[in-house]
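Listed here are the chains, written in short residue letters.
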Amino acid sequence: PGQAPIYGVARASFHLAERCAEFAITIPRQLSGQGLGARLLGLLIDQCRLRGLKSIYGDTLKENTAMRVLAAKLGFTEEPHPDDASVVRIRRPL
């Protein structure tokens, strides 16, 4: 088989004892604004919900306005990061 191009990567790390997941998404800058991040994050939310988790969270740089706006549209709230003032933690109940 040939190689397929990768346009973005999304992952969720499950913390079953706390019934939550930490997520991360990476998309090339030239592809931002085309809905790929929203689609990937939506899929992660769906998978976490199907597994019975209660919340999902991730960390983003304060300067990453695109991610912060997307997160707000998808129902995430912001809170200070416990260890790094340049980072915002975004969290959403499921």
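Residues numbered from 1 in each chain as written. Predicted model: local features only at pLDDT ≥ 70, side-chain atom pairs only at ≥ 80, totals over all residues. Heavy atoms only, no water.

Undergrad: How should the nonpolar core be read in this particular structure?
TA: Inside soluble globular proteins, nonpolar side chains tend to come together where they are buried. By size, the foremost hydrophobic cluster in this structure holds 14 residues, and its most contacted members are Phe23, Leu41, Ile56, Met67, Phe76 and Ile90. Those elements giving two or more residues to this core turn out to be strand E2 (20–26), helix H1 (36–50), helix H2 (65–73) and strand E5 (87–93). Here this core gets 4 residues from one element, more than from any other, and that element is H1. (Core = buried A, V, L, I, M, F, W, Y, C linked by side-chain atoms within 4.5 Å. Buried < 20%, exposed > 50% of the residue type's maximum accessible area, 1.4 Å probe, protein only. Helix = DSSP H or I, 4+ residues; strand = E, 2+ residues; numbered from the N terminus.)

Undergrad: Explain the sheet that holds E5 to me, please; I cannot follow it from the model alone.
TA: Each strand in a sheet pairs with another by means of backbone hydrogen bonds, the pair being arranged parallel or else antiparallel. One open sheet accounts for 5 strands, arranged E1-E2-E3-E5-E4; its pairing is mixed. With one partner strand each, in any of the chains shown, strand E1 (9–15) and strand E4 (77–80) form the two edges of the open sheet. Across this sheet, the average inter-strand angle for adjacent strands is 30°, counted without regard to direction. In this fold H1 packs onto E1, E2, strand E3 (55–61) and E5, with an angle of close to 160° to the strand it touches most, E2. (Pairing = 2+ DSSP bridges. Axes fitted to C-alpha atoms, helices over the stretch in contact; angles between N-to-C directions. Contact = heavy atoms within 4.5 Å.)

Undergrad: Just to check I follow, could you spell out H2 for this structure?
TA: An α-helical turn contains 3.6 residues, so any two residues separated by three or four positions project in the same direction. Within the span of H2, buried status applies to Met67, Leu70 and Ala71. With its buried residues spanning 100° around the axis, H2 presents them on a single face. Those residues of H2 that are exposed and angled more than 90 degrees off the buried face are Thr65, Ala72 and Lys73. Packed against the buried residues of H2 are E2, H1, E3 and E5. Positive phi shows up at Gly75, right after H2, with a value of about 90°. (Arc of directions from axis to C-beta.)

Undergrad: Explanation requested: the side chain of Arg92 in the structure shown.
TA: Among the structural elements, Arg92 can be located in strand E5. Asp46 is the oppositely charged side chain nearest to the buried, salt-bridge-free Arg92, at an N-O distance of 7.6 Å. From its side chain, Arg92 meets the backbone oxygen of Leu74 in a polar contact 2.6 Å long. (Lys, Arg positive; Asp, Glu negative; His and termini not counted. Salt bridge = Lys/Arg side-chain N within 4 Å of Asp/Glu carboxyl O. Polar contact = N/O pair within 3.5 Å; in protein donor to acceptor, adjacent residues only side chain to side chain.)

Undergrad: Teacher, can you tell me more about the pairing of E3 here?
TA: Looking along a regular strand, one sees side chains alternate from face to face of the sheet. When you tally the buried positions in E3, you get 5 out of 7 residues, the bulk of the element. Both E2 and E3 contribute to a ladder of 3 bridges, which runs parallel. The residue of E3 that forms the bridge with Cys20 is Ser55. After leaving E2, the chain enters H1 and then returns to the sheet as E3, a path that is right-handed. (Right-handed = clockwise from strand over helix to strand, strands pointing away.)

Fair warning: the whole summary comes from geometry, so function is off the table for now.
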